[in-house]
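Listed below, chain by chain, are the residues.
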Amino acid sequence: MRAVPLGARGRFTLEVKPQHLASQAKDPMLPPVLATPVMILAMENAALNAIRSYLEPGESAVGTAVDVRHLAATPVGQRVTADAEVTAVEGRRFVFAVTAHDETEEIGKGVHERMLVDLRRLQQRLDAKSVRAKPNEAS
């Protein structure tokens, strides 16, 4: 991985659709508004976009911590834009200030962390875990 500078920025935008609603993902009694996990998804994607151009082939960064507040509701049809800025780099760990806005106002803000991973090594670990999780067929 190339060095990631403090202040590197990324952005991710989505249009709120029915599948993004809290009433679909959680409680049908809720009004048709953007679900918090979808807002977090947008923030995580913005953070990954902030460092994507510094990654080498076979590298990525996975989310390891999220501390955000969902400040305002967003209805179907509005565009949500999440922004992320690198605020700290500690070895393979990246810290981001994240925000999200709809077409009217700020809807969320907080801190997100990601960890650099070698995708080949990660897949090897997952494969080993899958083998251990399978029941013994000889029983």
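Let us look at the structure shown here.

Thresholds applied
Residues numbered from 1 in each chain as written. Predicted model: local features only at pLDDT ≥ 70, side-chain atom pairs only at ≥ 80, totals over all residues. Heavy atoms only, no water. Helix = DSSP H or I, 4+ residues; strand = E, 2+ residues; numbered from the N terminus. Buried < 20%, exposed > 50% of the residue type's maximum accessible area, 1.4 Å probe, protein only. Polar contact = N/O pair within 3.5 Å; in protein donor to acceptor, adjacent residues only side chain to side chain. Contact = heavy atoms within 4.5 Å. Pairing = 2+ DSSP bridges. Axes fitted to C-alpha atoms, helices over the stretch in contact; angles between N-to-C directions. Core = buried A, V, L, I, M, F, W, Y, C linked by side-chain atoms within 4.5 Å.

### Things to note about the side chain of Arg114
- Relative to the helices and strands, Arg114 is located in strand E5 (residues 106-118).
- By relative accessible area, which is 6% here, Arg114 ends up buried.
- Within the structure, Arg114 has its side chain in polar contact with the side chain of Glu44 (distance 3.0 Å).
- Within the structure, the side chain of Arg114 is placed 3.0 Å from the side chain of His112, a separation counted as a polar contact.
- Residues contacting Arg114, with those up to four places away along its chain left out, are Glu44, Ala47, Leu48, Ala61, Val62, Gly63, Thr64, Arg92, Arg93, Phe94 and Phe96.

### Some thoughts on the sheet that holds strand E3 (residues 79-90)
- Spatial ordering of the open sheet is given by E1-E3-E4-E5-E2, a layout of 5 strands whose pairing is antiparallel. The open sheet has two edge strands, strand E1 (9-15) and strand E2 (59-70), and neither has a second partner. Between one strand axis and the next, the sheet turns by 25° as a mean value, whatever way the strands run.
- Two elements, E3 and strand E4 (residues 93-101), share 9 bridges in a ladder whose sense is antiparallel. If you follow Ala88 over to E4, its bridge partner there is Val95.
- Helix H2 (residues 36-51) contacts E1, E2, E3, E4 and E5 of the sheet and is inclined by roughly 145° relative to E1.

### A look at the pairing of E3
- By the bridge criterion, 7 bridges tie E1 to E3 in an arrangement that is antiparallel. When the bridges of E3 are listed, Gly10 appears paired with Ala84.
- Here E3 hands over to E4 after 2 residues, with Gly91 in that stretch at a positive phi of 65°.

### Re the nonpolar core
- Among the nonpolar cores identified, the biggest contains 32 residues, and Ile51 and Phe96 are the most heavily contacted of them.
- Secondary-structure elements contributing two or more residues to this core are H2, E3, E4 and E5.
- Excluding residues within four positions of it along the chain, Ile51 makes contact with Met1, Val4, Ala61, Val86, Phe94 and Phe96.

Interpretation note: all reported values are geometric properties and have no functional meaning in isolation.
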